[in-house]
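Summary of structural features
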Amino acid sequence: MARDISSTLARAYSSAKCQKMLKSLCLIPRVHCWVLYIDILILECGGNLYDAASVAVKAALYNTKIPVVTASSTDGDKPELELSDDPYDCRRLDVLSIPCVVTISKIGYGHVVDASMEEEACCLATLITAVTADGNLTAVKKSKGGSLHPESIYEMLETCQQVGMKVHAVLMEKLREEEEHQQMAMGSQHKAKGFL
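The paragraphs below set out a description of the structure included in this document. (Residues numbered from 1 in each chain as written. Predicted model: local features only at pLDDT ≥ 70, side-chain atom pairs only at ≥ 80, totals over all residues. Heavy atoms only, no water.)

Describing the overall build of the protein
Threshold: Only DSSP runs of H or I reaching four residues or more are called helices, and only runs of E reaching two or more are called strands; each is numbered from the N terminus. Computation of the radius of gyration draws on C-alpha atoms alone. For the globule rule, the value is 2.2 Å times the number of residues to the power 0.38. Burial classification: accessible surface area is computed with a 1.4 Å probe over protein chains only, and a residue below 20% of its type maximum counts as buried, one above 50% as exposed, and the rest as partly exposed. Residues are treated as being in contact if the distance between any of their heavy atoms lies within 4.5 Å.
What the protein contains, in helices and strands, is 5 helices and 10 strands. Taken over the C-alpha trace, the protein has a radius of gyration of 21 Å; the compact-globule value for 196 residues is 16 Å, which it surpasses by more than 25%. Within the protein, the proportion of its 196 residues that are buried is 31%. Counting contacts in the protein only where the partners sit at least 6 residues apart, residues at least 24 apart contribute 64% of the total.

Here's the deal with helix α1 (residues 2–13)
Because each turn of an α-helix spans 3.6 residues, side chains separated by three or four positions in sequence point in the same direction. Under the convention used in this document: Helix span, as expected, comes to 1.5 Å for every residue beyond the first. What the arc measures is the spread of directions leading from the helix axis to the C-beta atoms.
Counted at 1.5 Å a residue, the expected span for α1 with its 12 residues is 16 Å, and the 17 Å between its end C-alpha atoms agrees. Along α1, the positions that sit buried rather than exposed are I5, T8, L9, A12 and Y13. End-on view of α1: buried residues confined to an arc of 130 degrees, all on one side of the axis.

Re the pattern of salt bridges
Cut-off, in case you're wondering: In what follows, salt bridge is the name for a side-chain nitrogen of Lys or Arg lying within 4 Å of a carboxyl oxygen of Asp or Glu.
One pass over the structure, following the stated rule, counts 3 salt bridges. D4 is the partner of K141 in a salt bridge, and the nearest nitrogen-oxygen pair spans 2.3 Å. One end of the pair, K141, is in strand β10 (residues 137–143); the other, D4, is in helix α1, with 137 residues separating them in the sequence. Judged by its relative accessible area of 16%, K141 falls in the buried class. With relative accessibility at 27%, the residue D4 sits in the partly exposed group. Taking the shortest distance from any N to any O, the salt bridge between E177 and K174 comes out at 3.8 Å. Taken as a pair, E177 and K174 lie in helix α5 (residues 150–186) at a separation of 3 residues, close to a single helical turn. Judged by relative accessible area, which is 39%, E177 ranks as partly exposed.

Remarks on unusual backbone geometry
Not every positive phi belongs to a glycine, and D114 is a case in point at roughly 50 degrees. In this structure, D114 sits in the loop between β8 (110–113) and α4 (117–121). For D114, a relative accessible area of 39% translates into the label partly exposed.

Given below as structure tokens:
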């Protein structure tokens, strides 16, 4: 299951529509870049794991701050990278292009988003889709053994796009609210501490 979630998220993020965030990790094109590893620990399974994992990854990337690095030319062929001394001199990743996963299951003549275990037990087929904030699909995967009529697939994908855009809007609003709350609790000005 872990490999399946990992490969689904990797496929969703490797789309050309997600390249803006990936390019922001580049220090010197084709030479140096930041590499991020995200570990997901699942404590309880009370819904769809793909959906929950994608929201957790997007929230983690939203909170990730990358230190500012400058490249200075040296006498040799390789540039020298310099990391800023100021711990608050960092930049945030642009996560607007990062998709959220929306899972939809076909049950009878209808379909259900984020099906419960009981609903999944009686579903014909499931589509796992990755949707960006503007409604673009970056990945689609079918699971379960049943077949889907092309018209059903079209309806299910439309529903996933609508739900995905709403999930993005609500998630980004909550992340911004949480950040404002933390800034108010800490104070907006960071004072340097230490003896240097």
